[in-house]
Each structure stands twice: as structure tokens, then as C-alpha cells.
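Structural description and commentary
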Amino acid sequence: MEKLYLSRRDLATLLQKLDSVRNGEVSACTIIKNDTTHPVYPPTLRRIAVVAVEGADQYLPGVSPRLHLSRTALTGLLDQLDRQVQGLVRFDGLEAFAVPDEKYYVDRDEADTMPVGDLFSAFIRGRGKQR
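Remember, predicted model here, so these are calculated numbers, not experimental data. Sequence order sets the numbering: in each chain, residues are counted from 1 along the sequence as written. Where totals are concerned, whole chains, interfaces and linings use all residues; where local detail is concerned, this predicted model gives features only for residues with pLDDT of at least 70, and gives and counts side-chain atom pairs only at 80 or more. Side-chain figures throughout are based on the complete set of non-hydrogen atoms in the structure, without hydrogens or water.

1. Focus on helix 1 (residues 8-22)
Compared with an ideal rise of 1.5 Å per residue, which puts 15 residues at 21 Å, helix 1 spans 21 Å between its outermost C-alpha atoms and is within 8% of the ideal. Restricting attention to buried positions, one finds in helix 1 the residues Asp10, Leu11, Thr13, Leu14, Leu15, Lys17, Leu18 and Ser20. Those residues of helix 1 hidden inside the fold are in contact with strand 1 (2-7), strand 2 (30-33), strand 3 (48-53), helix 2 (71-82) and strand 7 (94-99). Elements are defined by DSSP. Helices are runs of H or I of four residues or more, strands are runs of E of two residues or more, and each kind is numbered from the N terminus. A helix's residues, less one, multiplied by 1.5 Å, set its expected span. Only protein chains enter the accessibility calculation, which uses a 1.4 Å probe. A residue is then buried if its area is under 20% of the maximum for its type, exposed if over 50%, and partly exposed in between. For this analysis, residues touch if any pair of their heavy atoms sits within 4.5 Å.

Laid out in C-alpha cells, this is it:
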């Protein structure tokens, strides 16, 4: 089973982007996760796009996998973190874990702590490239 780790900042960013779209602003609702070198929480996928959606949760496996997390799932994961319970969403073939920022960003440089807002910025920052 594939594993994906999302920090509180990742979850809050996705939820904020959904709020922006709901308020009529233009905003991308996708972050790219490709941190396979994380010392404690390395995902097993080389890269995955995590998309905030108002609809249903869905994992789309494949060469460029996508995970659609609903507002309900995002707020649920944040609530679990607030209660200091290990946040987890399971899909067929994928487990997505919520991790507190203070654990996820330990000993990380500043560029690694910034969520990637869309595919374009991921490649501009060099974080969307296969390594």
C-alpha cells in the first residue's frame, strides 16, 4: 500500500484554497508532494498531486497519480491533529497520513517547508521534476 504524508500546513493550504474559490477568487487547489527524501515521513510515491475538491474523495492511481481530498476529509484530518490523534484517510492502494508541522518540518530547509500551490510553480521551483 502506498503512503502519503500531509503536514498540517498542507491541509490548511488546501482548505484555504477551497475557501478562496468559494469566495469567487481564482485559485489553484492542488499541491505537489514529491519529498521522497524526508528523513522521517518519506512518501512511497515518487510524486503525487493532491487536489482539494468540494466533491467526493478519490484516489486516481497511475503514472501521475492524483488524490482528491474533499472539504470534509481535510477538516476531518485537521480535527484529528487538533485532538492529537493520528490522522489517516484510507483509499484502495493509498494511505494518507496527517502529520503535525512540528514533527514534519523538523530540520528542513525553508524551500522544503513551503507548499507548492500548482503544477507551474512546482516546476519553476524544481520540485516537480523526477529525481
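2. Describing the packing of aromatic side chains
For any pair of aromatic rings, the description consists of the separation of the ring centres together with the inter-plane angle of the planes. In this scheme Phe, Tyr and Trp rings, the latter by its six-membered ring, pair at centre separations within 6.5 Å, and the angle between planes marks the pair as stacked below 30 degrees, edge-to-face above 60, and tilted otherwise. On inspection of all chains with the given rule, the structure shows four aromatic pairs. Centroid distance Tyr5 to Tyr41: 5.2 Å. Interplanar angle 55 degrees. Geometry classified as tilted. Here Tyr41 lies in the loop between strand 2 and strand 3 and Tyr5 lies in strand 1, a separation of 36 residues in the sequence. On the basis of relative accessibility, which here comes to 15%, the residue Tyr5 falls in the buried class. Centroid distance Tyr5 to Phe97: 5.2 Å. Interplanar angle 20 degrees. Geometry classified as stacked. A residue pair is termed long-range when its members are at least 10 positions apart, and Tyr5 in strand 1 and Phe97 in strand 7 qualify at 92 residues.

3. Let's talk about helix 2
With twelve residues, helix 2 extends 16 Å between its outermost C-alpha atoms, agreeing within 8% with the 16 Å of an ideal straight helix rising 1.5 Å per residue. Turning to helix 2, its buried residues are Arg71, Ala73, Leu74, Leu77, Leu78, Gln80 and Leu81. Those residues of helix 2 hidden inside the fold are in contact with helix 1, strand 3, strand 5 (66-70), strand 6 (87-91) and strand 7.

4. Section: the pairing of strand 5
Here strand 5 lies mainly inside the structure; four of its five residues are buried. Sheet topology note: the strand 4 (residues 58-60)/strand 5 ladder contains three bridges and is antiparallel. Bridging across to strand 5, Gln58 finds its partner in His68. Two strands pair if DSSP finds at least two bridges between them. As consecutive antiparallel partners, strand 4 and strand 5 are separated by five residues, and within that stretch Gly62 has a phi angle of approximately 140 degrees, a positive value.

5. Some thoughts on the packing of helix 1 against helix 2
The axes used here are C-alpha line fits, helices contributing only the stretch in contact, and every angle between their N-to-C directions lies in the interval 0 to 180 degrees. Relative to each other, helix 1 and helix 2 sit at 140 degrees, their axes nearing to 10 Å. Relative to helix 2, the element helix 1 lies oblique. Remark: the crossing between helix 1 and helix 2 carries left-handed chirality. Within the contact between the two elements, helix 1 uses Arg8, Leu11, Ala12, Leu14, Leu15, Leu18, Asp19 and Arg22 and helix 2 uses Arg71, Leu74, Thr75, Leu77, Leu78, Leu81 and Asp82. Class assignment for the residues of the contact of helix 1 with helix 2 results in nine nonpolar, one polar and five charged. With respect to orientation, any angle under 35 degrees is reported as roughly parallel, any angle over 145 as roughly antiparallel, any angle of 65 to 115 as roughly perpendicular, and every other angle as oblique. Note on convention: near helix rotated counterclockwise from far helix by under a right angle means a left-handed crossing. Clockwise means right-handed. Each residue receives one of three labels: charged for Asp, Glu, Lys and Arg, nonpolar for Ala, Val, Leu, Ile, Met, Phe, Trp, Tyr, Cys and Pro, and polar for the others, Gly being one of them.

6. Topic: the sheet that holds strand 2
Reading across the sheet, the four strands line up as 2-3-5-4 and stay open at both edges, with mixed pairing between neighbours. On the outer flanks of this sheet lie strand 2 and strand 4, each paired with one strand and no other. Averaged over all adjacent pairs, the angle separating strand axes in this sheet is 20 degrees, with direction ignored. In this sheet, strand 3 lies alongside strand 2 in antiparallel orientation, the contact comprising four bridges. Looking across to strand 3, one finds that Thr30 is bridged to Val51. Helix 1 rests against strand 2 and strand 3 of the sheet, and its axis sits at about 155 degrees to strand 2. Here helix 2 sits on the sheet and contacts strand 3 and strand 5; the angle it forms with strand 5, its principal contact strand, is near 80 degrees.

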